[in-house]
Amino acid sequence: MSGVTEKARIASFGGKLLKLSHNATTTRCEMSFNLYLPPGATESSAAKVPVLIYLSGLTCTAENCSEKGFFQHGASKKGIAVLYPDTSPRGLNIEGENDAYDFGSGAGFYVDATKAPYDQGYNMYSYVTEELPEVVFKAFPQLDASRVSITGHSMGGHGALTLFLRNPGKYKSVSAFAPITNPINCPWGQKAFNGYFGEDQQEKWKEHDATELLKKWNGPELDILIDVGTGDNFYKQGQLLPENFQAAADAAGLKGVNIRYQPDYDHSYYTMATFADDHIEHAAKYLK
Ligand SMILES: N[C@@H](CCC(=O)N[C@@H](CS)C(=O)NCC(=O)O)C(=O)O
């Protein structure tokens, strides 16, 4: 596999979960990622397999969702590969990068930092939209680069929504679990954008804010599935702000934002595991 090191191959729901790594240029370090290949998705398979990218939340690596998100269950049935990237560069030795759970390591926020010192490698936007797919599609010719969807949780839900809304047509569909939908107006987002862009870069902040991006959307009709648990403490604390996202859609006359408030569900992977099949089904409508 060109440039990709395989560290483990684990049988899962009839397919294989591969634990992989590669040396990334954009993030200036070795990046780990996981890839689920559904049954039959071998190099010699006649038909190529579409891909769903799952972006994880704060503190996560590629492992969290692979181990307990239950995406492989639906992906196996639908014949969809799942790509699980890491959430930040690792070990760059930037001062302070390991000091907090919500900034730096494990908290790349799917942006390209422009403020020093984080501009030295914190480029998760370019990594996820360009470098990682390039590496993966080269190493795994059984995957179909023309059929890619995106989903994610919390910070990764913000990543999924913003990558989709910034790149009309690049992803066939988008969905999210408990996404940070209006980072410029919540503590997590403000801390991250302050550190990665700088306080004086408000226009730049808006370029990575799903609610702001929605206001300017002029792509095809939307069909966005979002699940938020009413028992989610981060929702209750105003970190996710799905009402702002819905209000922006309504004000812009955009149909197709389907936010489901799931009674009692919290911010944990019990929620992803419960609704993963629905999100696979949503992606499959556009990938198959
Ligand atoms: N560690 C943080 C919580 C961070 C958190 O809940 N992270 C979510 C994503 S935003 C997560 O998926 N954590 C890892 C897990 O549950 O496996 C805290 O103590 O408040």
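In this text, all values refer to a predicted model and were calculated from it rather than measured experimentally.

Let's talk about the pattern of salt bridges
Oppositely charged side chains are able to pair whenever their charged atoms sit close together. Considering all chains together, one arrives at 12 salt bridges under this definition. Between arginine 147 and aspartate 144 there is a salt bridge; the shortest N-O distance is 2.8 Å. When its relative accessible area of 13% is taken as the criterion, aspartate 144 is described as buried. Notably, a salt bridge pairs aspartate 278 with arginine 260, separated by 2.8 Å at the nearest N-O pair. Of this pair, aspartate 278 sits in helix 10 (residues 269-287) while arginine 260 sits in strand 9 (residues 257-262), and the two are 18 residues apart along the sequence. We classify arginine 260 as partly exposed; its relative accessible area is 24%. Residues joined in a network through salt bridges with shared partners are Asp227, Arg260 and Asp278.

Focus on the site of the ligand
As a structural note, the neighbourhood of the ligand is formed by Gly57, Leu58, Thr59, Cys60, Asn64, Lys68, Tyr101, His153, Ser154, Phe234, His267 and Tyr269. With respect to the ligand, the side chain of threonine 59 contributes an N or O atom lying 3.5 Å from a nitrogen atom. Contact distances for the ligand include 2.7 Å between an oxygen atom and a side-chain N or O atom of lysine 68. Residues that form the shell around the ligand fall into these classes: five nonpolar, six polar and one charged.

What to know about unusual backbone geometry
Each neighbour pair has its own omega, and for alanine 116 with proline 117 the value is 0°, a cis peptide bond. One non-glycine residue with positive phi stands out, namely phenylalanine 70, at about 60°. As for its placement among the helices and strands, phenylalanine 70 is situated in the loop between helix 1 (63-68) and helix 2 (71-78). Look at phenylalanine 70 and you get partly exposed, because its relative accessible area is 43%. A positive phi angle, near 40°, is found at alanine 178, a position not held by glycine. Relative to the helices and strands, alanine 178 resides in the loop between strand 7 (174-177) and helix 5 (187-196).

A few points about the side chain of serine 88
With respect to the helices and strands, serine 88 occurs in the loop between strand 5 (81-85) and helix 3 (124-139). Relative accessible area serves as the criterion here: at 0%, serine 88 is assigned to the buried category. Only 2.7 Å separates the side chain of serine 88 from the backbone nitrogen of glycine 106, close enough to count as a polar contact. Once you skip the residues sitting within four places of it in the chain, serine 88 turns out to touch Met31, Gly104, Ser105, Gly106, Ala107, Gly108, Tyr122 and Met124.

Description of the packing of aromatic side chains
Enumeration over the complete set of coordinates arrives at 16 aromatic pairs. A centroid spacing of 5.0 Å and a plane angle of 80° characterise the contact between tyrosine 118 and tyrosine 122, whose relative ring orientation is edge-to-face. Tyrosine 122 sits in the buried class, given a relative accessible area of 1%. Between tyrosine 235 and tyrosine 261, the ring centres sit 6.0 Å apart and the planes meet at 40°, which makes this aromatic pair tilted.

Topic: the pairing of strand 8 (residues 224-229)
Most of strand 8 is tucked away: six of the six residues are buried. A two-sided burial pattern is seen for strand 8, the buried positions comprising Ile224, Ile226 and Val228 on one face and Leu225, Asp227 and Gly229 on the other. Summarising the sheet, strand 7 and strand 8 pair through four bridges and their orientation is parallel. Bridged to serine 175 within strand 8 is leucine 225.

Focus on the nonpolar core
Counting residues in hydrophobic clusters, the biggest one holds 76 residues, and the most contacted among them are Phe109, Leu143 and Phe245. At nine residues, the largest contribution of residues to this core is made by helix 3. With residues near it in sequence (within four places) discarded, phenylalanine 245 still touches Leu161, Leu165, Thr181, Ala210, Thr211, Leu214, Ile224, Ile226, Val257 and Ile259. In this structure, Tyr54, Tyr84, Phe177 and Phe275 belong to the second largest nonpolar core, which totals 21 residues.

Basis of the calculations
Residues numbered from 1 in each chain as written. Predicted model: local features only at pLDDT ≥ 70, side-chain atom pairs only at ≥ 80, totals over all residues. Heavy atoms only, no water. Salt bridge = Lys/Arg side-chain N within 4 Å of Asp/Glu carboxyl O. Buried < 20%, exposed > 50% of the residue type's maximum accessible area, 1.4 Å probe, protein only. Helix = DSSP H or I, 4+ residues; strand = E, 2+ residues; numbered from the N terminus. Near = heavy atom within 4 Å. Polar contact = N/O pair within 3.5 Å; in protein donor to acceptor, adjacent residues only side chain to side chain. Nonpolar A, V, L, I, M, F, W, Y, C, P; charged D, E, K, R; others polar. Contact = heavy atoms within 4.5 Å. Phe/Tyr/Trp six-rings, centres within 6.5 Å; stacked < 30°, edge-to-face > 60°. Pairing = 2+ DSSP bridges. Core = buried A, V, L, I, M, F, W, Y, C linked by side-chain atoms within 4.5 Å.

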